[in-house]
There are 2 protein chains.
Amino acid sequence: MTRIGFAQMEPRVGELERNLILLQDVLREAKQESVDVLVLPELANSGYAFENLEDAISCSESIPGGSYSKELLEYSSDGRLVVAGICERRNDSIFNSAGVFADGEHRATYRKAHLFNKEKMWFRPGAEEPPIIEYNGHVFGVMICWDWIFPEFARILALKGAHAILHPSNLVLQYCQNAMRTRCLENGVYAITANRTGTERGLAFSGGSQVVNPKGEVLLSATEEFVGIMHIDVDLSEADDKMLTPRNDRLKDRRPKLYRRIIESL
Amino acid sequence: MTRIGFAQMEPRVGELERNLILLQDVLREAKQESVDVLVLPELANSGYAFENLEDAISCSESIPGGSYSKELLEYSSDGRLVVAGICERRNDSIFNSAGVFADGEHRATYRKAHLFNKEKMWFRPGAEEPPIIEYNGHVFGVMICWDWIFPEFARILALKGAHAILHPSNLVLQYCQNAMRTRCLENGVYAITANRTGTERGLAFSGGSQVVNPKGEVLLSATEEFVGIMHIDVDLSEADDKMLTPRNDRLKDRRPKLYRRIIESL
């Protein structure tokens with residue numbers, strides 16, 4: 001069994017020191033609770049509601065060189081996996097990224113490819129498909145928040161062998177939680193969506209962080225206002241079984257030759 | 001406004017004459033109610049639970065030459081669109097097909113590409129992507145039942161310009177109705193799922209036929225046992241608007257170059 005969980009948090013935009021202390025509190029609790037795989041929200045280091053590019057730049061750090069990354073790296077060193085959303089500066093660009101750390105190593109940086117609303121005003125979109133990370137005999141995929149509405153991304157992670165999708169989020173619309181049940185069901189994977197809570201500059205976040213199993217059942221769900229950690233022990237190898245009937249494998253039954261239109265530009 | 005609806009029916013396997021009478025009753029009612037776009041269940045002419053290939057062959061007909069098709073064609077002649085699931089014989093093969101008829105013309109035959117469970121024992125899978133049909137200034141896509149679990153197919157229909165997905169079904173699992181909310185939301189389309197009801201050779205069908213709008217909201221839903229027609233007037237052009245925020249177009253925001261893995265075989 002693997003103990004997987006999320007931290008539902010309330011970062012504040014621009015308050016980097018305060019957000020770092022929130023992180024330290026959360027990681028301390030996760031250690032005490034022996035959580036193996038922990039997912040934090042999107043832009044956990046910085047907060048979300050920037051007003052302009054300078055605002056975003058002033059909240060950014062490099063991965064894994066920055067102070068938020070260093071805390072995550074240190075936490076991961078005794079055999080844990082953690083992923084958190086980080087406002088990332090890289091060369092001259094700012095990305096809405098997720099840093100993945102396991103066993104004391106920086107294992108991946110995913111840069112959000114589908115930007116939501118005003119994010120387009122300061123972030124550069126990622127240019128790569130979402131990554132997987134191997135840890136303790138299982139495979140973990142990463143996508144960020146609004147990626148959920150594009151079924152192509154969860155699908156790609158499943159095709160790359162993900163047992164679970166780690167999904168840092170800052171959700172404002174009410175659609176994602178139910179849609180993630182479909183993402184899990186259609187791909188036969190677990191998903192851990194870590195959302196934030198609170199309000200920033202009039203933008204209210206919907207909480208409701210959750211863990212969903214490969215049948216699309218919600219195993220664990222936070223309220224809108226909850227702050228803290230929730231976790232559950234699951235057998236991730238259940239995601240190896242893609243059969244939904246004695247003759248239907250959710251992935252092998254696909255007809256890739258009929259899907260070519262998916263990769264054509266509009 | 002367009003009056004769209006479904007017929008939730010209880011065909012019986014092998015009872016072709018009885019099933020044809022059910023069709024005539026349903027079409028009479030649809031005419032009285034001035035339904036513009038009507039969706040019937042999968043395999044409405046034949047019933048579902050065949051025991052072997054001979055069983056399926058004995059229930060098959062050609063499209064549009066068969067007697068079920070002829071009724072549908074005749075019905076469509078005064079400016080209506082209708083789609084129904086038909087057990088189709090074509091050359092030496094049997095397909096789980098949907099015949100589409102509009103304005104007195106046979107407009108398309110879609111052959112189910114993703115077969116469910118025992119269907120693989122008698123049906124040959126379709127070899128083409130799902131079709132669209134233009135009717136009265138709007139675009140209608142067709143997929144059949146289990147196609148729902150493959151997000152690629154609903155996506156393809158949306159990319160081809162569908163305002164609404166017409167979805168003849170014989171559902172036995174309980175997942176589809178909720179998943180179709182995600183299909184509509186992620187693509188910004190309407191969907192009409194026409195399911196059957198009743199039990200055949202121990203196989204219980206779940207009813208719950210429904211109409212969903214481009215926000216993933218269920219506009220109309222039948223009970224498990226309902227038999228008859230339900231319809232609603234909608235503005236199908238709402239599906240032209242793919243924006244979910246001032247800066248997010250569900251289709252144009254896609255990143256096709258990052259989706260290449262979708263078309264690779266496993």
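Description of the structure in this document. What you see is a predicted model; the values in this text were computed from it and never measured.

### A closer look at the relation of the copies chain A and chain B
If you rotate chain A by 180° and push it 0.0 Å along the axis, it lands on chain B with an RMSD of 0.0 Å. Taken together, the rotation and translation describe the operation of a two-fold axis. In this assembly, 100% of the residues forming the interface of chain A have copies in chain B that are likewise at the interface, indicating an isologous arrangement.

### Topic: the packing of helix H5 (residues 151–159) of chain B against helix H6 (residues 176–187) of chain B
All names here are of chain B. Relative orientation of the contacting elements H5 and H6 amounts to 40°, with a least axis distance of 10 Å. One finds that H5 runs oblique with respect to H6. Helix-helix and strand crossings are classified by hand; for H5 and H6 the assignment is right-handed. Between H5, through Pro151, Ala154, Arg155 and Ala158, and H6, the contact on the second element is made entirely by Arg183, Glu186 and Asn187. By residue class, the composition of the contact of H5 with H6 is 3 nonpolar, 1 polar and 3 charged.

### Remarks on the pattern of salt bridges
Within the structure shown, the criterion is met by 34 salt bridges over all chains. Across the salt bridge formed by Glu119 of chain A and Lys112 of chain A, the nearest N and O atoms sit 2.9 Å from each other. In terms of burial, Glu119 of chain A and Lys112 of chain A fall into one category: buried. A salt bridge links Arg155 of chain B to Glu152 of chain A; the shortest N-O distance between them is 2.7 Å. Within this pair, whereas Arg155 of chain B is found in helix H5, its partner Glu152 of chain A is found in helix H5 (residues 151–159), the two belonging to separate chains. Here Arg155 of chain B and Glu152 of chain A have matching classes, each one buried. Taken together, the shared-partner salt bridges in this structure form one network comprising Arg183 and Glu186 of chain A together with Arg183 and Glu186 of chain B.

### Describing helix H1 (residues 16–32) of chain A
Residues and elements named next belong to chain A. The terminal C-alpha atoms of H1 lie 24 Å apart, and with 17 residues this matches the ideal 24 Å at 1.5 Å per residue to within 8%. Within the sequence span of H1, burial applies to Asn19, Leu20, Leu23, Val26, Leu27 and Ala30. Angular distribution of buried residues about the axis of H1 spans 125°; they occupy a single face of the element. Along H1, the residues that are exposed and aim more than 90 degrees away from the buried face are Glu17 and Gln32. In this structure, the buried residues of H1 make contact with strand E1 (2–8), strand E2 (37–39), helix H3 (67–76), strand E3 (81–90) and strand E14 (228–234).

Conventions used here
Residues numbered from 1 in each chain as written. Chains lettered and ligands numbered in written order. Predicted model: local features only at pLDDT ≥ 70, side-chain atom pairs only at ≥ 80, totals over all residues. Heavy atoms only, no water. Least-squares fit on C-alpha atoms with pLDDT ≥ 70 in both. Contact = heavy atoms within 4.5 Å. Axes fitted to C-alpha atoms, helices over the stretch in contact; angles between N-to-C directions. Helix = DSSP H or I, 4+ residues; strand = E, 2+ residues; numbered from the N terminus. Parallel < 35°, antiparallel > 145°, perpendicular 65-115°, else oblique. Left-handed = near helix turned anticlockwise from the far one by under 90°. Nonpolar A, V, L, I, M, F, W, Y, C, P; charged D, E, K, R; others polar. Salt bridge = Lys/Arg side-chain N within 4 Å of Asp/Glu carboxyl O. Buried < 20%, exposed > 50% of the residue type's maximum accessible area, 1.4 Å probe, protein only. Expected span 1.5 Å × (residues − 1). Arc of directions from axis to C-beta.

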